[in-house]
Amino acid sequence: MESDNEVRSNGQRPVERRFEQIIGKSPALESAFADVEQVAPTDSTVLILGETGTGKELIARAIHNISPRCGRPFVKLNCAAIPFDLLESELFGHEKGAFTGAIAQKIGRFDMANTGTLFLDEIGDIPLALQPKLLRVLQEQEFERLGSCRTHRVDVRLVAATHRNLIEMVKRAEFRSDLYYRLNVFPVTLPALRERKEDIPLLVAHFVKVFGQRMGKRILNVPQSTMDALTEYSWPGNIRELQNLVERAVIRSNDGLLPNPLPQSANYQHNQFTQGVFADSQREVILKMLDTCGWILGGSRGAASRLGLKRTTLIAKMKKLGISRPLSESDRPQLTEQQESD
Ligand SMILES: Nc1ncnc2c1ncn2[C@@H]1O[C@H](COP(=O)(O)OP(=O)(O)OP(=O)(O)O)[C@@H](O)[C@H]1O
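An unreviewed UniProt entry lists the protein chain under the name DNA-binding protein Fis, from Koribacter versatilis.

Pasting the structure below:
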């Protein structure tokens, strides 16, 4: 068995160990891992793109952990979670008396991350007014604290993330193009969970194990009906939503089986959606065949047999889907005759 300290001949730990907390084997995720492997050893800025809950923070930590900066500080700031007027001081720090309420000197995140990695989450939420200062620190690695003229030099590797479309924001003049280009040195895109459904069973098994252990419950089996429902669902909240729902299911389980945790409304919405799509595609197929067969339903060359249906089944389906031949008055007797001969 491999030891935890195993290294490859190139001095690196094997891929599966380096991303061990990040569950998934889909090609889309593997391709993101490959990008991370390439960029991590450099000092370049990384921009992680992906919907909420796709694992952007996990990837940011992985970049730090497999970089030469591992063992140095990893500092995180969610730009969307800090009020606009406090963000500058949070990033760059302030001197005592710099503004009302600045009762003591404060070290900013850039200082804290010196020699390590700074992860700026939700970078798209950084106010326009602050963007030139961020650009300067990225380019020159220097800045001033609020209320001070002294220039601080730092050695910080920046990893930024956003779920927003920064290009659209640049077009709308909500994000500076120069900052965008500086951030977009090496983009890593994380796929939405619905684009890598093959990872869902692995993630479910992982979270069942984690929450089962945490709650002291043994979940012996995930019934196929539960797995089918989880695989079919579109997961707008991605892995975070899946994680929370598996936690709920583990709480509810009392017979060693994992119940379907999706709220009825989610199943209902999904069913409504798929039924709608199914009906639309059925209507399209039937109409095409009717057209090809000149609206003859029965007989060996009729639409029913060519669709592999009984004539009565086809008629029932046409009724259900509201399909009727667009008739002129003169056509009507002809169709009736044909239908009767079918
Ligand atoms: N591939 C994965 N394997 C295991 N856990 C994962 C995976 N991806 C995400 N998670 C878990 O899902 C949760 C959300 O992940 P994370 O915070 O990294 O997402 P995010 O993209 O940064 O979200 P947001 O944009 O909302 O900040 C975390 O608890 C994380 O541990």
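A. Fine view of helix α4 (residues 84-92). Taken residue by residue, α4 has Leu87, Glu88, Ser89, Leu91 and Phe92 as its buried positions. Buried residues in α4 make contact with β2 (74-78), α5 (109-112), α6 (131-140) and β4 (142-144). Glycine 93, located one to two residues past α4, shows a positive phi value of around 85°.

B. Spatial organisation of the packing of helix α9 (residues 200-215) against helix α10 (residues 224-232). α10 packs onto α9 with a crossing angle of 120° between their chain directions and a minimal axis gap of 10 Å. As summarised for this structure, α9 and α10 are arranged oblique, according to the angle between their axes. Crossing hand, α9 versus α10: right-handed. For the pair α9 and α10, contact is made by Ile200, Pro201 and Val204 and by Met227, Leu230 and Thr231, respectively.

C. Structural detail: the site of the ligand. Inspection of the region around the ligand gives 16 residues, with Ile23, Thr52, Gly55, Lys56 and Glu57 positioned closest. For the shell around the ligand, the elements supplying multiple residues, two or more each, are α3 (56-65) and α11 (238-252). Grouping the amino acids of the shell around the ligand by side-chain chemistry returns 4 nonpolar, 8 polar and 4 charged. Both domains that furnish three or more residues to the shell around the ligand are identified here as domain 1 (15-191) and domain 2 (195-262).

Cut-offs used in this document
- Residues numbered from 1 in each chain as written.
- Predicted model: local features only at pLDDT ≥ 70, side-chain atom pairs only at ≥ 80, totals over all residues.
- Buried ≥ 20, exposed ≤ 12 C-beta atoms within 10 Å, placed from the backbone.
- Helix = DSSP H or I, 4+ residues; strand = E, 2+ residues; numbered from the N terminus.
- Contact = placed C-beta atoms within 7 Å.
- Axes fitted to C-alpha atoms, helices over the stretch in contact; angles between N-to-C directions.
- Parallel < 35°, antiparallel > 145°, perpendicular 65-115°, else oblique.
- Left-handed = near helix turned anticlockwise from the far one by under 90°.
- Near = placed C-beta within 6 Å.
- Nonpolar A, V, L, I, M, F, W, Y, C, P; charged D, E, K, R; others polar.
- Domains from an automatic or database assignment.

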